[in-house]
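# Topology and contacts: notes
In case you want the letters, here they are:
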Amino acid sequence: MMSTFYIGGGNGVALVEGALLNMGWKRIVDKHDERYKLKWVECKSKINYQSFREGEQLVNHIPNCHLLTNKLGLVNSLQEYERVTLTTKGRPPRLKMSDILPETYKLDDKNDRESFLNTYKDGEMWICKPTGMNQGKGIFLLRSQQEIDKLLLERDEKQQQRKTSRPLMSRIVQRYIHNPLLLDGRKFDIRAYMLIASTTPYLVVYHKGYVRLSCMPYDGDDTNLTTHLTNQYIQKKDPNYKDVKEDTAWSMDKFNDYINEKVAPEKNLEPNWVYNYLTKQMQRMMLHCFNSVKHKLQCKMGYFDLYGLDFMVDTDMKVWMIEINVNPALSTNCEALKDVIPSVVEDAI
Ligand SMILES: Nc1ncnc2c1ncn2[C@@H]1O[C@H](COP(=O)(O)OP(=O)(O)O)[C@@H](O)[C@H]1O
Ligand SMILES: [Mg+2]
């Protein structure tokens, strides 16, 4: 019988479909038809895990991937991994959480909140993020003790009013990287990919990504969020976006050339630092995050998942992981993405 697939949502549909049609598969459009061989959807609520037939079917989300892809989930997973490794092995893991993520506190955890308030020095800039959102939505910056006191008071009041209904969406606060490395004066982050190709046995693959730049030159004092958040979704709101669009996404090759030429001499970096050092750091961090959850992920033959990893680099050339995203954007709206995204999808398929 011919292998059939179902694709839902709008993210990367043509790419996924094309790769499967090339293999001679047939697309089905009935979302209730459970006879598919492969289901590729944006949101895991579209997968009926009850009727999933292990070994016969493939679905593109691991049911409890929030352990990695929710901001709170990732912090908890890394903390727990560090704690457990310390007790069972008598030493911390090779990478420490503080080497991976900028210092982070859970705003809705009493102890964490207290630690944050003890750590915070008036005038420092921190970034406050809702834990279950993406594309820069709901993010704001905190720049003073006064702003923090106001935020905490407001949250407590709102929570009080909601006592009987559902709780507020939880938030984390994170030390703002105040010295981002700039490319031609602009802030950037790196989007790379992690494919968990198989969960029994585990097969985890790194896929190189691209660089996302802001439209405007970086100024740490600017209160406009477009200066601080490099998400495409946010950058598209910049009035200049249309004119500079092609320059908001760079290939890793272009990034590597830029670093070789403009940064390496001054910072004394080895040749091809991007491929020889940065990429390895990103892979180490990716594997560390995977190791922190590998005993907890729900594994079945046929579960796979593709994640988008966000990284930043500061002027000390320190690499930071920012977050792990489920359902990473697969659109090819810039030239630089036309080389990256199709190969991410084809390799996954
Ligand atoms: N600690 C940080 N310091 C400086 N900039 C940050 C920091 N965390 C996030 N950013 C910027 O904000 C953007 C969005 O943050 P992120 O954690 O990826 O949330 P989202 O899920 O909304 O994309 C990042 O792409 C980066 O440009
Ligand atoms: Mg992000």
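Reading guide: rules and limits
Residues numbered from 1 in each chain as written. Chains lettered and ligands numbered in written order. Predicted model: local features only at pLDDT ≥ 70, side-chain atom pairs only at ≥ 80, totals over all residues. Heavy atoms only, no water. Near = heavy atom within 4 Å. Polar contact = N/O pair within 3.5 Å; in protein donor to acceptor, adjacent residues only side chain to side chain. Areas by Shrake-Rupley, 256 points an atom, 1.4 Å probe, with all protein chains shown as cover. Domains from an automatic or database assignment. Contact = heavy atoms within 4.5 Å. Buried area = accessible area lost by both parts, 1.4 Å probe. Salt bridge = Lys/Arg side-chain N within 4 Å of Asp/Glu carboxyl O. Helix = DSSP H or I, 4+ residues; strand = E, 2+ residues; numbered from the N terminus. Patch = residues over 30% accessible without salt bridge, like charges linked within 9 Å, V, L, I, M, F, W, Y side chains within 5 Å. Lys, Arg positive; Asp, Glu negative; His and termini not counted. Charge placed at Lys NZ, Arg CZ, Asp CG, Glu CD. Buried < 20%, exposed > 50% of the residue type's maximum accessible area, 1.4 Å probe, protein only. Pairing = 2+ DSSP bridges. Axes fitted to C-alpha atoms, helices over the stretch in contact; angles between N-to-C directions. Donors = N, O, S within 2.8 Å, 3.2 Å for Na, K, Ca; no water.

## Some points on the site of ligand 1
Taken together, 24 residues lie near ligand 1, and K71, K129, G136, D189 and T230 sit nearest. The separation between a nitrogen atom of ligand 1 and a polar side-chain atom of Q174 is 3.0 Å. R175 is positioned with one of its backbone polar atoms (N or O) 3.0 Å from a nitrogen atom of ligand 1. Protein coverage of the free-state accessible area of ligand 1, which is 540 Å², stands at 99%.

## Concerning the domain arrangement of the protein chain
Domain annotation for the protein chain reports domain 1 (4-60), domain 2 (103-176) and domain 3 (188-348). Tallying the contact residues gives 16 residues for domain 1 and 17 residues for domain 3. It is N11, L15 and W40 in domain 1 that bury the most area against domain 3; as a group they hold 37% of the surface buried on that side. Applying the counting rule to domain 1 against domain 3 returns zero salt bridges. At the boundary of domain 1 with domain 3, the tally comes to eight residue pairs in polar contact (both at pLDDT 80 or more). Those elements that provide at least two residues to the side of domain 1 that touches domain 3 are helix 1 (13-22), strand 3 (38-40) and strand 4 (58-59). Examining the composition of the side of domain 1 that touches domain 3, we find that three residues originate from one element, helix 1, more than from any other.

## Here we look at a positive patch on the surface
On the surface, K89, R91, R94, R284 and K294 cluster together into a positively charged patch. For K89, the location among the structural elements is in helix 3 (residues 71-89).

## Things to note about the pattern of salt bridges
If the charged atoms of two oppositely charged side chains come close together, the side chains can form a pair. Tallied over the full model, the rule gives 17 salt bridges. Salt-bridge contacts for K71 lead to E323; the nearest nitrogen and oxygen are separated by 3.1 Å. Of this pair, K71 sits in helix 3 while E323 sits in strand 13 (residues 319-326); the two residues are 252 residues apart in sequence, bridging distant segments of the chain. The exposure class assigned to K71 is buried, which follows from its relative accessible area of 11%. A residue is classified by how much of its surface remains accessible, and E323, at 7% relative accessible area, is buried. In this structure, the salt-bridge partner of E246 is K245, at a minimum N-O distance of 4.0 Å. According to the relative accessible area criterion, E246 is partly exposed, its value standing at 39%. One salt-bridge network, in which partners are shared between bridges, spans D189, R191, R212 and D310.

## Regarding the sheet that holds strand 9 (residues 188-199)
The strand order 11-10-9-12-13 describes an open sheet built from five strands, whose pairing is antiparallel. The open sheet has two edge strands with one neighbour each: strand 11 (249-251) and strand 13. Here the strands of the sheet are splayed against their neighbours by 30° on average, with no regard to which way each runs. Direction of pairing for strand 9 relative to strand 10 (residues 202-213): antiparallel, over a ladder of ten bridges. Looking across to strand 10, one finds that M194 is bridged to Y206. Strand contacts of helix 10 (residues 252-267): strand 9, strand 10 and strand 11, with the helix running at about 80° to strand 11, the strand carrying the most contacts.

## Things to note about the pairing of strand 10
Between strand 9 and the antiparallel strand that follows it, strand 10, lie two residues. Pairing of strand 10 with strand 11 involves three bridges; the strand directions are antiparallel. From the neighbouring strand, V211 faces strand 11, where its bridge partner is W250.

## Some details on the coordination of the magnesium ion (ligand 2)
Listed as protein donors to the magnesium ion (ligand 2) are D310 (OD) and E323 (OE); their distances from the metal cover 2.0 to 2.2 Å. A residue pair is termed long-range when its members are at least 10 positions apart, and D310 in strand 12 (residues 305-313) and E323 in strand 13 qualify at 13 residues. Each member of the pair, D310 as well as E323, carries the same accessibility label: buried.

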